[in-house]
Amino acid sequence: MAPGLIDPITFFLAPTKADKSIFPDGLKTSGQQEPVYELIQPYESFPKEITGPTVWKAADFNRNPEKWTHAFTENEIDEIGIAADKFIESKMPLTGISKDLFQLPTLAARMQSLRKTLVDGQGFWLFKNVPVQKWGLQKSATAYMGVGTHLGYFTSQNSRGHVLGHVKDLGEDPTQTDKVRIYRTNARQYFHTDAADLVGLLCIARSMEGGESDIVSMHHIFNCLQREHPDVAKTLCEPIWYLDRKGEVSDGQKPWIRASVFYLENDPDGSPRVYGKFDPMNVTSLGRFNSGPDAKIPPLTDAQLHAMKVLEDTCMRESLHMILAPGDIQFLSNSQTFHARTAYKDWAPGTLDEAGNPRPRRHLMRLWLSVPMEEGGWKLPYIDANLKKRGGIQVNDTPPVCPLDAE
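Every chain's residues receive numbers from 1 upward, in the order its sequence appears when written. In view of the model being predicted, local features appear only for residues whose pLDDT reaches at least 70, and side-chain atom pairs are presented and counted only at 80 or more, with totals across whole chains, interfaces and linings using the full set of residues. As a rule here, side-chain values come from all non-hydrogen atoms in the structure, and water together with hydrogens is ignored.

(A) Layout of the state of the cysteines. Note on terminology: pairs of cysteine sulfur atoms within 2.5 Å are recorded as disulfides. With the rule as written, the count across this model stands at 0 disulfides. Cys 402 provides the cysteine sulfur closest to Cys 203, a residue in no disulfide bond, and the two sulfurs are 19 Å apart. No disulfide involves Cys 315; its sulfur sits 9.1 Å from the nearest other cysteine sulfur, which is in Cys 224.

(B) Here's a closer look at the sheet that holds strand E8 (residues 213–217). Two strands are said to pair when DSSP picks up at least two bridges between them. For the purposes of this entry, the term helix denotes a DSSP run of H or I that reaches at least four residues, the term strand denotes a run of E that reaches at least two, and both are numbered from the N terminus. In spatial order, the strands read E5-E15-E8-E13; together these 4 strands make up an open sheet with antiparallel pairing. At either end of the open sheet lies a strand with only one pairing partner, and these are strand E5 (189–192) and strand E13 (320–322). The sheet shows a mean angle of 15° between the axes of neighbouring strands, direction not considered. Pairing of E5 with strand E15 (residues 337–341) involves 2 bridges; the strand directions are antiparallel. Across the sheet, residue Gln 189 finds its bridge partner in E15, namely Arg 341. Whether two residues touch is decided by their heavy atoms; if any such pair falls within 4.5 Å, the residues are in contact. Axis lines are fitted to C-alpha atoms, over the contacting stretch for helices. Their N-to-C directions set the angle, which ranges from 0 to 180 degrees. Lying on the sheet, helix H5 (residues 218–228) is in contact with E8 and E15; it crosses E8 at an angle near 65°. Across the sheet, helix H8 (residues 302–318) lies against E5, E8, E13 and E15, angled at about 90° from E5, the strand it touches most.

(C) Looking closely at the pattern of salt bridges. Criterion for a salt bridge: a side-chain nitrogen of Lys or Arg within 4 Å of a carboxyl oxygen of Asp or Glu. Applying the stated rule across the entire model yields 22 salt bridges. Between Glu 318 and Arg 317 there is a salt bridge, with its nearest N and O atoms 2.7 Å apart. Note on Glu 318: relative accessible area 17%, which makes it buried. Via salt bridges that share partners, Arg 115, Glu 374, Glu 375 and Lys 388 belong to a single interconnected network. For the exposure calls, accessible area comes from a 1.4 Å probe over protein chains only, and a residue counts as buried if that area is under 20% of its type's maximum, exposed if over 50%, partly exposed in between.

This is the structure we're talking about:
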């Protein structure tokens, strides 16, 4: 066993069966967890340079779409569509969908190979050609969630229990960062990770302008920081960061989590990989807790503010840019990639397209998917690491729901 690493079994939550009257697939999202602080390794244990397939540069993919893009063929769309129709006809709730109930006779093997690419490789992929306008919201959502079950287990994304999320501007104020989740606004999203192993985005409709995607290899960024700003890398490896839960807490939980940005896997028998988890919007929204005479946690230091700026600037410099079109599905791994979104502007209400149809607002359906350790997932420093639906956001026993549009 490597120095400083300890047997994680001591800390794991034991799997339990969830009440199927509340959780139709029998699985409950474990929700946001503090790291196991005994598993956090000092900066000196981190590699000076990471190598392997998780390390890539934008130039590796800009001119090679075959390395990260697949346009579904007509036969593949038919296979997905037949599975979606069959599930809809079963009258089962969409929250009960599973891989066994969404069989893909030929595509299943491709999806298993893709999961390996996402979890252990480059960490991103883009599918094209889903006929979202022809299928409509219900069939598109069913097909998307069904395909997603072949990659992982869907988790709740907010306190409402949304396992099918919707990235859409609902007119909420993005400056109210202690209350508002930025995906419900049209504001820029800085480079971050989501609270699940994988995130998927199905584009239903594009905006008039903006809303474009940037992704970057977290491991390439770590290497850049180690070469150019080792002081920043060290700051990001320390458990001095407080993350805002934004009120999405279960009974007895603190309103924040103390964490690091970068961790090492707890892998006593192998080579621990660098893992990252960070959203700057959850770090800068804690003024109600870290200021004034009744402050409960420390404010951000100058070193932390500097580290955040360097991290964002480095990600922007090194990122791969892409524009999602209707029918595209982007899958990303949150373990070894950061992603961001440019600000956007929707069409004015009442605007018509060339055919005289109303132009919709930008709309992406989102999935958070868990890949547990026993199925090849990363060995994370959290007590829920071996649960099927690890991560996500779960408040008490809020049941999962699958709204077909933003609410």
